[in-house]
Amino acid sequence: MLDHRLRETLDALADHGADDPALLRELLEAVLVVGQGVELDRALQRIVEVAAGLVDAQYGALGVRGPDGGLSEFVHIGITDAQRATMGHLPVGRGVLGLLIDDPRLHRIHDLGAHPTSVGFPPNHPPMHTFLGAPIMVRGEVFGSLYLTEKRSAEDFSEVDETVVAVLAVAAGIAVDNAGLFERARTRHRWMQVLARRGSEPLAGIALSDTMSRMCADVADLVGAVDVYLFTELAGQVELRGHTGEPVEVDSFTAPDATALRVQRSGQIAESLIRNGARWTSVQPLQRASGAFGWMLITHRKRPYWDDEEIAGLAGVAEVASLAVVYAEQQQIARDLEVLEDRHRIARDLHDHVIQRLFAVGMSVQTLLAGTTDPAAATARLEQIMTDLDRTIAQIRTSIFDLQTAYGPDADPTLRRRVLDIVAELSGHASISPSVEFDGPVDTVVPDSLGPHIDAVLREGLSNALRHARAEHIEVSVSADDVLTVEISDDGIGIGADVTYRGLENLTRRAEDCDGTFSVFTRTGGTTLTWSVPLLG
């Protein structure tokens, strides 16, 4: 199309007797200059500068047509900063400037003030008389208009100037189209970066609130918003999931009725969300299988007109936010199930150990009440009952602690928690459930450096007892005062004299590395492993 218009222009220039090689060279150079670069703002400024220089105009401007039919942008040259400071607002597309929007063709006017569409100039505007204007077309639509005034070297713009500017307007349209394609590609890339970066955060274990607030900040930066908020609604309760700026108190929030991106006045949402002069709010719903369950609110000072790339980007962000919320909900359900399973295990331990011990204590008391003639035997029986009750109380305390520490997956595990987790892991598929007892401040006086050693002792000792001892009962005891002692006892067949376990040798070496001892005591009907290291130097 540009080649065709260039040929037409060259013919028109020849018809007007303006076939000067210097002029033709300047025109071709101007076309090439206009086509340089891909950034839209710089392209617009360059078009105005080249056009004014080519026809020797004192003033030049380029107005971009807005969605409402007026001018959304206005680039100009020739007016100094001092002059601009004393003038009113920039033109919005009325008068002669609006003529090219309503009638997109070349217009050459000898006296602006005498033209029927003239509405005059704002105060302190420099005088302008001669005028030459041309529409800039992009893909058959009016993108904007090129305005040139006050030809320096003549009393009026000529037909040659009109033809030259017509060619330059075609070149400008192509340059603007290329710049627009580049801007859309760059915008699409930025949206894709946000989607990829924030979409991966839930899988990386980043808190949902952090992901949502970062997503709000990204959207605000991409669309030039005042604020961005993310809300969800569950069982009639609206929750603010993420936001930009300082925290806000949401008062009297009413869920927007929107199934797609919608722009409304800010007065229709909670007043506390309207800050820094925002007057418009765009609502993008968050969707799940059952329908909208949340909203992304974007506040602006001016009414936004969303293009296709931005609409697609906002929809993508809303989809990622919806998936992040659903994923967090599923993770919470999984954690709740883990807690329920853990509590089931604790209940099983209470049944297998505590209740049976209490039943045995009750039987012993009944036997004692039945009467005995030997005071020494009665005393011994009472002492055994007290010992059994103490062990039962210790088991109950352990179960209570286990319940209290079932939550808190992000916290560093205490020694008690680590011991209980290892015992639960190793005995998960075993036919028996070991009992665990703690004595002393094991969570405060045992240094973290002993943690790997304790893990190794528990794993080696319990694995041997569960696989080889053929025991009916296994007991684990961890005590701490001046010495840390880990003891694992069973009532199984014991360790034969001809059996060598390399794992036990490793535990001996670990004890020696910590200036401690490790012993294995095998008796008729059971084995006891004792691993002890000093805690105080």
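Refer to the structure presented above.
A short tour of the structure in this document, coming up. (Residues numbered from 1 in each chain as written. Predicted model: local features only at pLDDT ≥ 70, side-chain atom pairs only at ≥ 80, totals over all residues. Heavy atoms only, no water.)

1. Overview of the pairing of strand β1 (residues 57–65)
Here's step 1: Among the 9 residues that make up β1, 7 are buried, leaving the element largely enclosed by the rest of the structure.
Here's step 2: Pairing analysis gives 7 bridges linking β1 to strand β5 (residues 141–151), with the strands arranged antiparallel. Its bridge partner lying in β5, V64 is registered against G144.
Here's step 3: Taken together, the 6 bridges between β1 and strand β2 (residues 71–77) define a ladder with antiparallel strand orientation. Within the sheet, the bridge partner assigned to V64 lies in β2 and is E73. (Buried < 20%, exposed > 50% of the residue type's maximum accessible area, 1.4 Å probe, protein only. Helix = DSSP H or I, 4+ residues; strand = E, 2+ residues; numbered from the N terminus. Pairing = 2+ DSSP bridges.)

2. Notes on the side chain of D490
Here's step 1: On the secondary structure map, D490 appears in strand β13 (residues 483–490).
Here's step 2: Despite its burial, D490 remains without a salt bridge, the nearest opposite charge being carried by R523 at 6.3 Å.
Here's step 3: Ignoring sequence-local partners within four residues, the contact set of D490 consists of A465, A469, A471, H473, I474, R523, G525, G526 and T527. (Lys, Arg positive; Asp, Glu negative; His and termini not counted. Salt bridge = Lys/Arg side-chain N within 4 Å of Asp/Glu carboxyl O. Contact = heavy atoms within 4.5 Å.)

3. Description of a nonpolar patch on the surface
Here's step 1: A cluster of nonpolar residues, I333, L337 and L340, forms a patch on the protein surface that exposes about 290 Å² of accessible area.
Here's step 2: The residue L340 is located in helix α8 (residues 308–369) in this model.
Here's step 3: The exposed category is assigned to L340, whose relative accessible area is 56%. (Patch = residues over 30% accessible without salt bridge, like charges linked within 9 Å, V, L, I, M, F, W, Y side chains within 5 Å. Areas by Shrake-Rupley, 256 points an atom, 1.4 Å probe, with all protein chains shown as cover.)

4. So, the packing of helix α10 (residues 415–426) against helix α12 (residues 451–468)
Here's step 1: Close contact between α10 and α12 brings their axes to 10 Å; oriented N to C, the two are set at 25 degrees. Relative to α12, α10 is oriented roughly parallel. For the crossing formed where α10 meets α12, the hand is right-handed. Contacts between α10 and α12 involve L415, R418, V419, I422, V423, E425 and L426 on the former and, on the latter, G451, P452, I454, D455, L458, R459, L462, S463 and L466. (Axes fitted to C-alpha atoms, helices over the stretch in contact; angles between N-to-C directions. Parallel < 35°, antiparallel > 145°, perpendicular 65-115°, else oblique. Left-handed = near helix turned anticlockwise from the far one by under 90°.)

5. Points about the sheet that holds strand β9 (residues 280–288)
Here's step 1: Ordered in space as β7-β6-β10-β9-β8, the 5 strands form an open sheet in which the pairing is antiparallel. Bordering the open sheet on either side are β7 (237–243) and β8 (262–265), each of which pairs with just one other strand. On average, each strand axis in the sheet is inclined to that of its neighbour by 30 degrees, with strand direction left out of account.
Here's step 2: Two strands pair when backbone bridges link them, and β8 and β9 are joined in this way by 4 bridges, in the antiparallel orientation. When the sheet's bridge partners are listed, Q264 is paired in β9 with T281.
Here's step 3: On the sheet, helix α7 (residues 208–223) packs against β6 (227–234), β7 and β10 (291–300) and is oriented at approximately 65 degrees with respect to β7.

6. A short note on the nonpolar core
In a soluble, globular protein the nonpolar side chains are often hidden away together inside.
Here's step 1: Residues V419, V446, L450, I454, L458, L484 and W531 are the most contacted members of the largest nonpolar core, which totals 35 residues.
Here's step 2: Ranked by residues supplied to this core, first place goes to α12 with 6 residues.
Here's step 3: Once residues within four sequence positions are removed from consideration, I454 is found in contact with L415, V419, V446, L484 and V486.
Here's step 4: In terms of nonpolar packing, the next biggest core, distinct from the first, is built from 30 residues, F143, L146, A172 and A179 among them. (Core = buried A, V, L, I, M, F, W, Y, C linked by side-chain atoms within 4.5 Å.)

7. Remarks on the pattern of salt bridges
Here's step 1: Overall, the coordinates contain 16 salt bridges when judged by the stated rule.
Here's step 2: The closest approach of N and O atoms between D218 and R197, which form a salt bridge, is 3.8 Å. With D218 in helix α7 and R197 in helix α6 (residues 159–200), this pair connects stretches of sequence that are 21 residues apart.
Here's step 3: For R197, a relative accessible area of 37% corresponds to the partly exposed category.
Here's step 4: The closest approach of N and O atoms between D455 and R418, which form a salt bridge, is 2.6 Å.

8. Topic: the sheet that holds strand β11 (residues 435–439)
Here's step 1: Here 5 strands make up an open sheet; going across it, the order is β11-β12-β13-β15-β14 and the pairing mixed. In this open sheet, the two edge strands, each paired with only one partner strand, are β11 and β14 (517–523). Taken over all neighbouring pairs, the strand axes of this sheet differ in orientation by 10 degrees on average, direction set aside.
Here's step 2: In this sheet, strand β12 (residues 474–480) lies alongside β11 in parallel orientation, the contact comprising 5 bridges. Counted as the bridge partner of E437 is S477 from β12.
Here's step 3: Of the strands in this sheet, β11 and β12 touch α10, which is tilted by about 165 degrees from β11.

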